[in-house]
Amino acid sequence: MHLCMSFDRYEVSCMRQKPAIAALRSMRSAPPAAAPAVPVVARLSANENPLGPSPKAMAAAAAAIPTMHRYSDPNNTALRTALAAHFDLRPDMVLCANGSDELILLIALAYLEPGDEVVMADGTFVSYVMRTGMMAATQKKIPLRNGAHDLAAMAAAITPKTRMVLICNPNNPTGATNGAAEMHQLLAAVPDDVLIVVDEAYIEYATRADFPDMISELRGGRANMIVLRTYAKIYGMAGLRLGYALGDPAVLDYLSKTRPVFDVNALAAVAGIAALSDTEHLEASRAQAAEARDLYVERLTAMGLTPYPSETNFIAVPLPAGVSDAAVVAAMAARGIAINALGAWGLPGVLRISFGTPAENILCLDALRDILAAQ
Ligand SMILES: *Cc1c(COP(=O)(O)O)cnc(C)c1O
């Protein structure tokens, strides 16, 4: 028998691979996770809500467990109806999926041909790079300005070959935001046949008074825009997997053709409805993040650092010149604190720290202070 695959490497196989997919980094090729030398005591690396899910969402999911042998409604009618009421949109302007990350994949699949140009920031959510890359699109990455998208430069980068503009507002991984005036200038500059994807995964944390209202654009009939939202962040349901797209009914109908029929699980579908009604959980989560943000800004500034302006549940901070982000992340990991270095996101020398509980935040800041003092 001819063995095509070696068992300790995934690189060799007989079957033809698509180059654009083969070029992606495998999530499987890392060595099998050995038990980490130091157990993680503070997981501040994935922008999760330290308060956990809403008690109402937990109760709804628990109540649905006995019927989980049944497929859920493939149209997610009840959830879409609840979301539509929440946003004052029509139910056919909502499409639910297994996390908004899945929607990024489906949007790329639905709208991009090889060689199409996509415009995005240099230093934004890695899924945009992976999924548009997977479709062999040509990526035009526009440098950030103080952590936020340079929307004027992005508008100027649009050519007749541009099919999509991706915007993350607030931006992950910097936490910085764009305001309404510059966003409306961009919208005015984008041709009608170019899709604008606005990922608002962190919008519930945003504080600026002039934060752009993209849903009112949709209410007004704008067809070339998809707004992405998620239950993974402030709603505290990252592990349950639920996200949704808001947009023009015909656009979402087309996009839905790429979607696996039963991709929203039955527990998520009911928890998502219940979570919408829990304003107490939402307010408490927002307040805890605001308190954490003040603490991080104060203490990072006292360390001589200048964090990016954050309107999210995390903060990104450039390290002093010459200090290795990877070394700092490793030293933090040795103390059981998981944070991110942003080199792979296009921002070498920058750390991203997700806000945890008050005790986790103090642990993190004390450790960072000690580690930087020893550099
Ligand atoms: C976390 C995140 C998402 C997606 O989350 P899902 O868990 O797939 O819903 C999407 N966009 C950004 C910018 C994020 O940070």
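Everything below is about the structure printed above this text.
Here the structure is a predicted model, which is why all the values come from computation and not from measurement. (Residues numbered from 1 in each chain as written. Predicted model: local features only at pLDDT ≥ 70, side-chain atom pairs only at ≥ 80, totals over all residues. Heavy atoms only, no water.)

Draft legend 1. Structural context of a nonpolar patch on the surface. The grouping of Y71, V261 and F262 at the surface amounts to a nonpolar patch, some 350 Å² of accessible area in total. With a relative accessible area of 65%, Y71 lands in the exposed category. (Patch = residues over 30% accessible without salt bridge, like charges linked within 9 Å, V, L, I, M, F, W, Y side chains within 5 Å. Areas by Shrake-Rupley, 256 points an atom, 1.4 Å probe, with all protein chains shown as cover. Salt bridge = Lys/Arg side-chain N within 4 Å of Asp/Glu carboxyl O. Buried < 20%, exposed > 50% of the residue type's maximum accessible area, 1.4 Å probe, protein only.)

Draft legend 2. View of the sheet that holds strand 9 (residues 314–318). What the 3 strands build is an open sheet, ordered 9-12-11; its pairing is antiparallel. Every other strand in the sheet has two partners, leaving strand 9 and strand 11 (340–341) as the edge strands with one partner each. In this sheet, strand 12 (residues 350–354) lies alongside strand 9 in antiparallel orientation, the contact comprising 5 bridges. Residue A316 lies in a different strand from strand 12, and its bridge partner there is R352. (Pairing = 2+ DSSP bridges. Helix = DSSP H or I, 4+ residues; strand = E, 2+ residues; numbered from the N terminus.)

Draft legend 3. A look at the environment of N146. Structurally, N146 can be placed in the loop between strand 4 (138–143) and helix 6 (151–156). The exposed category is assigned to N146, whose relative accessible area is 55%. With 183 residues separating them in the primary sequence, N146 and V329 have C-alpha atoms 23 Å apart. Leaving out residues up to four positions away in the same chain, N146 has contacts with A176, Y308 and P309. (Contact = heavy atoms within 4.5 Å.)

Draft legend 4. A look at the site of the ligand. Surrounding the ligand, one finds 13 residues, the nearest of these being D199, Y202, T230, K233 and R241. Between an oxygen atom of the ligand and a side-chain N or O atom of Y202, the distance comes to 2.6 Å. Contact between the ligand and T230: an oxygen atom at 2.5 Å from a side-chain N or O atom of the residue. For the ligand, whose free accessible area comes to 380 Å², the fraction covered by protein is 93%. Judged by the fraction of its atoms near the pocket grid, the ligand is located in the largest pocket. (Near = heavy atom within 4 Å. Polar contact = N/O pair within 3.5 Å; in protein donor to acceptor, adjacent residues only side chain to side chain. 1 Å grid on protein atoms, 1.4 Å probe; cavity = no way out; pocket = protein on both sides within 12 Å on 5 of 7 lines; lining within 4 Å. Sits in = over half its atoms within 2 Å of the grid points.)

Draft legend 5. How the structure looks around the pairing of strand 5 (residues 162–168). With 6 of 7 residues buried, strand 5 is to be regarded as a mostly interior element. In the sheet, strand 3 (residues 117–122) pairs with strand 5 via 3 bridges, with the strands oriented parallel. Paired with V119 across the strands is V165, a residue of strand 5. Pairing geometry for strand 5 and strand 6 (residues 195–199), over 5 bridges, is parallel. Residue pairing in the sheet places L166 in a bridge with V197 of strand 6. With respect to chirality, the unit in which strand 5 leads through helix 7 (residues 180–189) into the neighbouring parallel strand 6 is right-handed. (Right-handed = clockwise from strand over helix to strand, strands pointing away.)

Draft legend 6. Quick peek at the layout of surface pockets. Looking at the largest pocket, its volume works out to about 1,200 Å³. Along its surface, the largest pocket is lined by 47 residues, and M27, F125, V126, S127 and W345 are the ones closest to its centre. Those elements giving two or more residues to the lining of the largest pocket turn out to be helix 4 (100–111), strand 3, helix 5 (126–134) and strand 11. Per-element accounting of the lining of the largest pocket gives the leading share, 7 residues, to helix 5. Here the lining of the largest pocket is built from residues that sort into 22 nonpolar, 13 polar and 12 charged. (Points joined across faces, edges and corners; volume = space filled by probe spheres on them. Nonpolar A, V, L, I, M, F, W, Y, C, P; charged D, E, K, R; others polar.)

Draft legend 7. Layout of unusual backbone geometry. The residue after N169, namely P170, is reached through a cis peptide bond having omega -5°. Structurally, P170 is set in the loop between strand 5 and helix 7. With a phi angle near 50°, N76 is a residue other than glycine that sits in the positive phi range. On the secondary structure map, N76 appears in the loop between helix 2 (55–64) and helix 3 (77–87).

Draft legend 8. Here's a closer look at the sheet that holds strand 6. Spatially, the 7 strands line up as an open sheet ordered 2-8-7-6-5-3-4, and their pairing is mixed. Strand pairing shows two members of the sheet lacking a second neighbour, strand 2 (94–97) and strand 4, which therefore form its edges. Here the average twist between neighbouring strands, direction ignored, is 20°. (Axes fitted to C-alpha atoms, helices over the stretch in contact; angles between N-to-C directions.)

Draft legend 9. Representation of empty space enclosed by the protein within the structure. On inspection of all chains with the given rule, the structure shows 2 cavities of 30 Å³ or more. When its volume is computed, the largest cavity comes out at roughly 60 Å³. Surrounding the largest cavity, N49, P50, Y205, S285, Q288, A289, N313, F355 and G356 form its lining. Partitioning the lining of the largest cavity into residue classes produces 4 nonpolar, 5 polar and no charged. Within this model, the second largest cavity holds a volume of roughly 50 Å³. Every residue lining the second largest cavity is listed: I104, I107, A108, Y128, R131, T132, M164, L166, V197 and L228.

Draft legend 10. Layout of the packing of helix 3 against helix 10 (residues 266–276). Across the interface, helix 3 lies against helix 10 with an axial gap of 9 Å and an inter-helix angle of 20°. Here helix 3 is positioned roughly parallel relative to helix 10, judged by the angle of their axes. The handedness of the crossing between helix 3 and helix 10 comes out as left-handed. Contact residues: helix 3 offers A78, L79, A82, L83 and H86, while helix 10 offers A269, G272, I273 and L276. Among the residues making up the contact of helix 3 with helix 10, the classes are represented as 7 nonpolar, 2 polar and no charged. (Parallel < 35°, antiparallel > 145°, perpendicular 65-115°, else oblique. Left-handed = near helix turned anticlockwise from the far one by under 90°.)

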